[in-house]
Amino acid sequence: MILAIDQGTTGSRAFVFSEQGAPLASAYSEFTQHFPQPGWVEHDAAEIWTVTERVCREALADAGVTGEDLKAIGITNQRETSVAWSRSTGEPLSRAIVWQDRRTAEACDGLIADGHEGLVRDRTGLVIDAYFSGTKFAWMIEHGGVEPGQDLAFGTIDAWLLFKLTGEHATDLSNASRTMLLDIRSLQWDAELCELLGVPIESLPEPMPTACEFGRCTLFGGSVPVTAMVGDQQAALYGQACHTPGEAKNTYGTGSFLLQNAGGNAVVTPGLITTIGWADSDATTYALESSIFVTGSAIQWLRDGLQIIESAAESEELARSLDGNDGVYFVPALAGLGSPHWDPYARGTIVGLTRGTGKAHIARAALEAVAYQVADAVAAQSRASAQALPELRVDGGMTANSWLMQFQTDVLCVPVVVPELADTTVLGAAYMAGVSAGLWTSQDVRQMWNESRRYEPQMSPDNAASLLGEWADAVERSKGWARP
């Protein structure tokens, strides 16, 4: 069997998969979100480990198995979130800085002003943005009380979990490619970039292929190899069986991430991210990515921040209660704007309010904003690849919202396809671990993917274009709001 760990932005999940690739048991638990200042988002890495270990044990117990019954462990994770810990004690040296955190935006502005944008773009495939890990590591040293030295270990969440599971200090190439420190062609840490950002290269984990043996875990019984680690969005691309260049998926989670398989070509495209999808000892697969920072977390904000809904499901009911949006648009730039705008100073904006506006309008506007942002990303990728997207495979928790999925296909004007198992992030980690361990072949996992539901466009293209035009006007009003 395979134990797959999905360590996400708001919680940790563990699945046990059978030899046939079927989920046998799972467990999930949320953990604390910390917001010490506006634009700052932090996690307690120790709490993440405690929660992750607990859900692993709960899933194994529910499946009635122990580590002795496992063929391998696969890990997928929230990506750019940055952790510093002590090699000797195994304890965090500060809170983890989450991928949504914007505290290093001004430092990124400085790098751009000093003319380093081309270097970073060419070496890493990334834009200079506070989203990525490199400036977060540097901030920990400069402002966060983290001391450089032989005892310091930096890493993204995959490296942190691997260290706690096996004692090894390593990362995989898909996560390493999110740091702004990895040369995506040589597949090694770039000494020039590490010096530029002020990150000690010796503190970084060893970059390894996504599919290989990273170490062995004895915590659950036996000695179980960790045979795959992969960033959550690349895992979803693999789990959606998008193994052929040109195939694409979108994951609806805390944020949304549109990835298109780019094959073996590390082509850098303005406005988009070129990232490593996955790698083994023989080949590296790249992906073209659009990163949208706030989608599912906008609904969470309606529930926890504004407290105008009691559950995420209520947002669908409210959206259905209206015949249209009545001109109300919500730009959820609560952590800036990602692809294709890349504006860290954009802020959340609601326009079109009248005395007749109620919470149903706000809820509908939040759901519509999810679809609009994905449509913007699809349009940017279509321009870059010079080909229209034939269909979009989708996954993540928000695919359960049938109103949103229908609205998404309407504004895209292409079919939207939902798989049988919406948790394709953890599925991708399981598939990759199984293939790496010799349990399955790549062809096996392609055949395991099955379509559950297909949405077809019902809105006229003219109506869709009108809505997207008004949305674009609203986006312009959100840009640059928090610029110093």
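Just above, that's the structure.
Since we're looking at a predicted model, the values are computed, not measured.

About the criteria used
- Throughout, a residue's number is its position along its own chain's written sequence, starting from 1.
- Two thresholds apply to this predicted model, a pLDDT of at least 70 for residue-level local features and 80 or more for giving and counting side-chain atom pairs, whereas whole-chain, interface and lining totals are computed over all residues.
- Note that the side-chain values use all heavy atoms of the structure and ignore hydrogens as well as water.
- Helix axes are fitted only over the stretch in contact, all axes being lines through C-alpha atoms; the angle between N-to-C directions runs from 0 to 180 degrees.
- Secondary structure follows DSSP: runs of H or I at least 4 residues long count as helices, runs of E at least 2 residues long count as strands, and numbering of each begins at the N terminus.
- Should an angle lie under 35 degrees it is considered roughly parallel, over 145 roughly antiparallel, and from 65 to 115 roughly perpendicular; all remaining angles are considered oblique.
- Crossing chirality is assigned from the near helix's rotation relative to the far helix, an anticlockwise turn below a right angle marking it left-handed and a clockwise turn marking it right-handed.
- Whether two residues are in contact is decided by their heavy atoms, any of which lying within 4.5 Å being enough.
- Under the scheme applied here, a residue whose accessible area is under 20% of the maximum for its type counts as buried, over 50% as exposed, and between as partly exposed, the area being computed with a 1.4 Å probe on protein chains only.
- When DSSP finds two or more bridges between a pair of strands, those strands are recorded as paired.
- Only protein atoms enter the 1 Å grid used here. Points where a 1.4 Å probe fits but cannot escape make up a cavity, open sets with protein on both sides within 12 Å along at least five of seven lines make up a pocket, and a residue lines them when an atom lies within 4 Å of a point.
- Grid points are joined across faces, edges and corners, and a volume is the space filled by probe spheres set on the points.
- Throughout, the ten residues Ala, Val, Leu, Ile, Met, Phe, Trp, Tyr, Cys and Pro are labelled nonpolar, Asp, Glu, Lys and Arg are labelled charged, and all others, Gly among them, are labelled polar.
- Here a pair means two rings of Phe, Tyr or Trp (six-membered ring of Trp) with centres within 6.5 Å. Their orientation is stacked below 30 degrees between planes, edge-to-face above 60, and tilted elsewhere.
- Whether a charge sits over a ring depends on NZ of Lys or CZ of Arg being within 6 Å of the ring centre and within 35 degrees of the ring normal.

It is at 9 Å that the axes of helix H11 (residues 359-385) and helix H12 (residues 402-412) come closest, and there the two elements cross at 40°. Relative to H12, the element H11 is oriented oblique. H11 and H12 meet at a crossing whose hand is right-handed. Counting all contacts with H11, which are made through Arg-364, Leu-367, Glu-368, Val-370, Ala-371, Tyr-372, Val-374, Ala-375 and Val-378, the residues of H12 involved are Trp-403, Leu-404, Phe-407, Gln-408, Val-411 and Leu-412.

Moving on: the pairing of strand E17 (residues 273-279). Of all seven residues that make up E17, seven are buried, and the element is covered over most of its length. With six bridges connecting them, E17 and strand E18 (residues 284-292) associate as antiparallel partners. Looking at the pairing, Ala-279 lines up with Thr-284 of E18.

Next up on the list: the sheet that holds strand E1 (residues 2-7). Taken together, six strands build an open sheet; the order of strands is E3-E2-E1-E5-E14-E13 and the sheet is mixed. Since the sheet does not close on itself, it has two edges, and those belong to strand E3 (23-30) and strand E13 (211-217), each with one partner. Going from strand to strand, the sheet's axes swing by 25° on average, the running direction of each strand aside. In this sheet, strand E5 (residues 72-77) lies alongside E1 in parallel orientation, the contact comprising six bridges. Its bridge partner lying in E5, Ala-4 is registered against Gly-74. This element, helix H1 (residues 45-63), spans E1, strand E2 (11-17) and E3 of the sheet and lies at about 150° to E3. Here helix H5 (residues 157-166) sits on the sheet and contacts E1, E5, E13 and strand E14 (224-231); the angle it forms with E13, its principal contact strand, is near 40°.

Before going further, it helps to examine the layout of surface pockets. Considered as a void within the structure, the largest pocket measures approximately 1000 Å³ in volume. Taken together, 43 residues line the largest pocket, and the ones lying closest to its centre are Thr-10, Tyr-252, Gly-253, Thr-254 and Gly-397. Considering every element that reaches the lining of the largest pocket, the biggest residue donor is helix H9 (residues 296-306), with five residues. Residue composition of the lining of the largest pocket, grouped by class: 13 nonpolar, 20 polar and 10 charged.

The next point concerns empty space enclosed by the protein. Inspection of the entire model under this criterion finds two cavities of 30 Å³ or more. One number sums up the size of the largest cavity: a volume of about 80 Å³. In terms of lining, the largest cavity is formed by Ser-291, Ile-292, Phe-293, Leu-337, Gly-338, Ser-339, Pro-340, His-341, Gln-373, Asp-376, Trp-471 and Val-475. Looking at the lining of the largest cavity, the elements that each hand over two or more residues are E18, H11 and helix H15 (461-478). Here the residues of the lining of the largest cavity sort into six nonpolar, five polar and one charged. The computed volume of the second largest cavity comes to approximately 30 Å³. The wall of the second largest cavity is formed by Phe-137, Gly-155, Thr-156, Thr-171, Asn-175, Ala-176, Thr-179, Trp-189, Leu-204 and Pro-205. Of all the secondary structure elements, the ones that give two or more residues to the lining of the second largest cavity are strand E8 (152-156) and helix H6 (173-176). Within the lining of the second largest cavity, the residues separate by chemical class into five nonpolar, five polar and no charged.

Let's shift gears to the side chain of Thr-285. Tracing the sequence through the fold places Thr-285 in strand E18. For Thr-285, the residues in contact, after removing those within four places along its chain, are Asn-261, Gly-263, Ile-276, Gly-277 and Trp-278.

Let us now look at the packing of aromatic side chains. Within the structure shown, the criterion is met by 20 aromatic pairs. Seen from their ring centres, Trp-99 and Phe-257 are 5.9 Å apart, and the 70° between their planes marks the pair as edge-to-face. Here the residue Trp-99 occupies a position in the loop between strand E7 (96-97) and helix H2 (105-113), and Phe-257 occupies one in strand E16 (residues 256-263), the gap between them amounting to 158 residues. Accessibility classification places Trp-99 together with Phe-257 in one group, the buried group. When the ring of Trp-403 is compared with that of Phe-407, the centres are 5.2 Å apart and the planes differ by 5°; the resulting orientation is stacked. Taken as a pair, Trp-403 and Phe-407 lie in helix H12 at a separation of four residues, close to a single helical turn. Residue Trp-403 shares its accessibility class with Phe-407, and that shared class is buried. In this structure an aromatic cluster arises from ring pairing among Trp-99, Tyr-131, Phe-132, Phe-257, Phe-293 and Trp-342. Over the face of the ring belonging to Trp-139 we find Arg-103, whose NZ or CZ atom lies 4.5 Å from the ring centre. We note Arg-393 situated over the ring of Trp-449; from NZ or CZ to the ring centre the distance is 3.8 Å.

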